[in-house]
Every structure is written in C-alpha cells, then in structure tokens.
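Letter by letter, the chains look like this.
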Amino acid sequence: MPNYPYSDIESGMVNKDRLINDPQRFKPHVVILGAGASRQAFPTGDANGNIIPLMDDLVNVIGLEEDFVKYKYEIDEPNFELLYSRIQKENPESELLNIIERKVFKYFESLELPKVPTLYDYLLVSLRPKDIIATFNWDPFLFDAYNRNLQKISLPKILHLHGNVRVGYCKNHNFFGKYGEFCSECFTPYSQADLLYPVSEKNYSNEFIEGEWRVLESHLQNAFTLTIFGYSSPETDKKAFDLLQKNWQAKSNRELEVVEIIDIKDEDVVINHWKKFIHSHHYHYCSDFQKSMIPKFPRRSCESIYVPTILGKFAEEFSIYSESTFGGIYNKLIPMVEAEEVLNDIKK
Ligand SMILES: [Zn+2]
C-alpha cells in the first residue's frame, strides 16, 4: 500500500481525532490580509469604538475633510488611495500630504485590540510556524494579537507589506521589533518602519518593506495553499497583484491547488478579480471568516484541503470558535501543538 497521508483509513471520513493527533508535513499556508479583514474583525470599531477605515471612507473616518478645505483641495474622489496618489503626482512636496500622513499614522497608531479573543487571535492561533500571514494593513491588530499570543502557543510568521504603525527596525542589523523598543544587537532604539502611501508607481524599495516581500515571495512559491482575506488589490497597487501572481505560479501552474477567498463582495465579482490565481473551479469562497477552513480546522488547514481534494474523503470539522476565552482556546490547541512537536522531532 502506498504510504501517503491517512491512506490506512477505510471509511469515507478522516475524523477530528486523527486530524488533531496526526498532522502532516505539508508546505506553508499563505494568508494575505487587506482592510476588509480588519473591518470584519471589528465591525463596530476597536476597543474604544474607533471605526476601522476602508479606502473608500478613510477621509471621512479620520476626519481629513477639514485639511482639504484648508488647502482648498476639492475631494472629487472618495477613494483615499486614488485621492492621495493624485495629490502626490501634482506636488510631492505638498504640505497637505504631510498633514494627511501624520493624521493617518496617529489614527492607526491609536487603535487597540479589545481584551477578549478577536478574529485576529483566532486567525493566528489556527495556523502553524510553517505558515505565514502577510498584511497590507497599517493597523496594529495583527502585530498586537501576535504579541499577546506569542508566549502561549507557537504561531505563524507575520509580515507587513505596506509598513505598520507598531513596527520598528534597526538599519544596522536588519532586526525588526516593536517601535520604541531597542535592537538586541546594538541597543539603539528601532526606527519607525514608514507606512507605504498609495502612489501609482509603488517600488517597494524601502529596506524594511523589501525584506518583508522577499520572505513572502519565497513562501508563496512554495505554498501548499493561499487564502486572500478582505484584500481588494486596488488599481493603485497593480504591482502587488503582479508580484503575488508571479510568485504563486513561479514553480507550478497550480492546477491542483485550492485558493480560498474571504470577501463580503459577491462571489462572481471576487472570483473574476482573482481568476489568474485560480485553476478551473479550485477555489473556496466565503464571506465570513468563521466559515473559512482556517478556524474550522485550526492548525490543520492544509490537511483539511488534502483530505477531500487528493484523498477524496470528508474531513470532520472542529472549529476553534467553540471556545470564547483565551484559556479555552489554548486548552483546545495544546494536544495539536504537542502532535506537531512530535512531527518535527521525527523530521530531525
Ligand atoms: Zn542594531
């Protein structure tokens, strides 16, 4: 009998105990996050009720209208990316741009996670160290959720593709950490990793951002599967779309892989937008993160795709959303992490 994962199972289903106790050495699960993910995580705002802006309402949410009025600039475009890009093109030295950048930074920096487990916590603990989450968002939610779960459970890597309000770095050592803390090598304070503002010709040449992209590219090339969550890949950032596609398809035409799209927009619209990433009907679409394979099969997302698509069997779900406290979440995950540690030991 060929020795492929779960090949000894004779019934039509791989049950949850088997999935939990017998993880496989699959390649990375890559998750890309856009503003829609943060909006879905906090539909009524952050811990203090601050609304999470989307590009179409950022000017209004952050209160930039008064600055446009002051500088006699007409807001004839609701989308912040297009608006910013246009002002930048007209005058890159404009004082208005400076004010906008400061206000945007300050707003995102002030955002805070609620004390209870949030979508970001569920997302992070449901993936494994082999996996990676890359966000385009400036908000601090992924970074802060990562830090509050880090001492409790092994987590995936995280990347900030457009910079972030919490991230700092040391130019001398290429180390990254929380802005305001110190480089562990030279003990100088981390400098701020600038936010990448929307200009039509992005070049990702900033040291920090370039490094983040390099890590993402290698993971994408070797990925087992890809989830795109709330990221609309705007026309101001065609370069990001092209880079993602180029690397996703660098080593294979991806005829077998399943791409998952989580987006509140209609299925037809989003699948059409991402059609270059998807082969035939090999995609999973949902509008709600809770219906994604990530929380339904915590830490076993790749196994949950392999079982039906390659093995032709049904995988039994065990959603992490059955737990509503951090203690409950960690208790549920401990047996899974232990099984992963055994797997890694065998590998060595
Ligand atoms: Zn240093």
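Residues numbered from 1 in each chain as written. Predicted model: local features only at pLDDT ≥ 70, side-chain atom pairs only at ≥ 80, totals over all residues.

A.B. asks: Looking at this structure, how should I read the overall build of the chain?
C.D. replies: Within the chain one finds 14 helices and 11 strands. Compactness check: the chain gives a C-alpha radius of gyration of 21 Å against a globular reference of 20 Å for 348 residues, within 12% of the reference. Counting only C-alpha atoms, the chain reaches 75 × 45 × 40 Å along its principal axes. Looking at the 348 residues of the chain, the share that counts as buried comes to 36%. Taking as baseline every contact in the chain between residues at least 6 positions apart, the subset at least 24 positions apart corresponds to 68%. (Helix = DSSP H or I, 4+ residues; strand = E, 2+ residues; numbered from the N terminus. Rg over C-alpha atoms; globule rule 2.2 N^0.38 Å. Buried ≥ 20, exposed ≤ 12 C-beta atoms within 10 Å, placed from the backbone. Contact = placed C-beta atoms within 7 Å.)

A.B. asks: It is not clear to me how the environment of Leu96 should be interpreted in this structure. Could you clarify?
C.D. replies: By the element assignment, Leu96 lies in helix H6 (residues 95-109). Sequence separation between Leu96 and Asp67 is 29 residues; the distance between their C-alpha atoms is 7.1 Å. The contact partners of Leu96, leaving out residues within four places of it in the chain, are Asp67, Tyr71, Tyr73 and Ile87.

A.B. asks: It is not clear to me how the nonpolar core should be interpreted in this structure. Could you clarify?
C.D. replies: Among soluble globular proteins, nonpolar side chains are generally buried collectively. Formed by 67 residues in total, the largest nonpolar core has its most connected members in Ile32, Leu33, Tyr120, Ile133, Leu142 and Phe229. When residues of this core are assigned to their parent elements, the largest contribution, six residues, is made by helix H7 (residues 119-125). If we skip the residues at most four places from it in the chain, Ile32 touches Ala134, Ile228, Phe229 and Tyr231. Counting 13 residues, the second largest nonpolar core, distinct from the first, contains Leu58, Ile100, Val104 and Val165. (Core = buried A, V, L, I, M, F, W, Y, C linked by C-beta atoms within 7 Å.)

A.B. asks: Mind showing me how you'd approach the domain arrangement of the chain here?
C.D. replies: How big an interface is tends to be reported as the loss of accessible area on association of its parts. Once the domains are mapped, the chain shows domain 1 (13-45 + 115-161 + 206-347), domain 2 (58-109) and domain 3 (162-195). A separation of 33 Å is found between the C-alpha centroids of domain 1 and domain 2. Listed as interface residues are five residues of domain 1 and, on the opposing side, four residues of domain 2. Per-class residue counts for the side of domain 1 that touches domain 2 are three nonpolar, one polar and one charged. (Domains from an automatic or database assignment. Nonpolar A, V, L, I, M, F, W, Y, C, P; charged D, E, K, R; others polar.)

A.B. asks: What am I meant to see in the environment of Leu111 here?
C.D. replies: Examined against the element boundaries, Leu111 turns out to sit in the loop between H6 and H7. The class for Leu111 is buried, based on 23 C-beta atoms found within 10 Å. Considered as a pair, Leu111 and Pro140 are 29 residues apart in the sequence and their alpha carbons are 6.9 Å apart. Those residues within four positions of Leu111 in sequence are excluded, and the remaining contacts are Asp46, Asn50, Asp139 and Pro140.

A.B. asks: It is not clear to me how the sheet that holds strand E5 (residues 167-170) should be interpreted in this structure. Could you clarify?
C.D. replies: Sheet strands pair by backbone hydrogen bonding; their relative direction is either parallel or antiparallel. Pairing in this open sheet of three strands is antiparallel, and the strands run E6-E5-E7 from one edge to the other. Each of the sheet's edge strands pairs with one partner strand only, and the pair in question is strand E6 (175-178) and strand E7 (191-192). Bridge count between E5 and E7: two bridges; the pairing is antiparallel. Each residue of the ladder has a partner; that of Gly168, found in E7, is Gln192. (Pairing = 2+ DSSP bridges.)

A.B. asks: What's the story with the pairing of strand E4 (residues 157-160) in this structure? I'm lost.
C.D. replies: On a regular strand, each side chain points to the face opposite its neighbour's, so the side chains alternate between the two faces of the sheet. Bridge analysis of strand E3 (residues 132-135) against E4 gives four bridges, and the strand direction is parallel. Paired with Ile133 across the two strands is Ile158, which belongs to E4. Assessed by its sense of winding, the connection that carries the chain from E3 through helix H8 (residues 141-149) to E4 is right-handed. (Right-handed = clockwise from strand over helix to strand, strands pointing away.)

A.B. asks: Please clarify how unusual backbone geometry should be interpreted in this entry.
C.D. replies: In terms of backbone geometry, most residues other than glycine have negative phi values and most peptide bonds are trans. Backbone geometry places Arg254, a non-glycine residue, at a positive phi of 60°. Mapped onto the fold, Arg254 is located in the loop between helix H10 (238-248) and strand E9 (259-262). The residue Ser280 is not glycine, and still its phi comes out positive at about 50°. Mapped onto the elements of the fold, Ser280 is located in the loop between helix H11 (267-273) and strand E10 (283-286).

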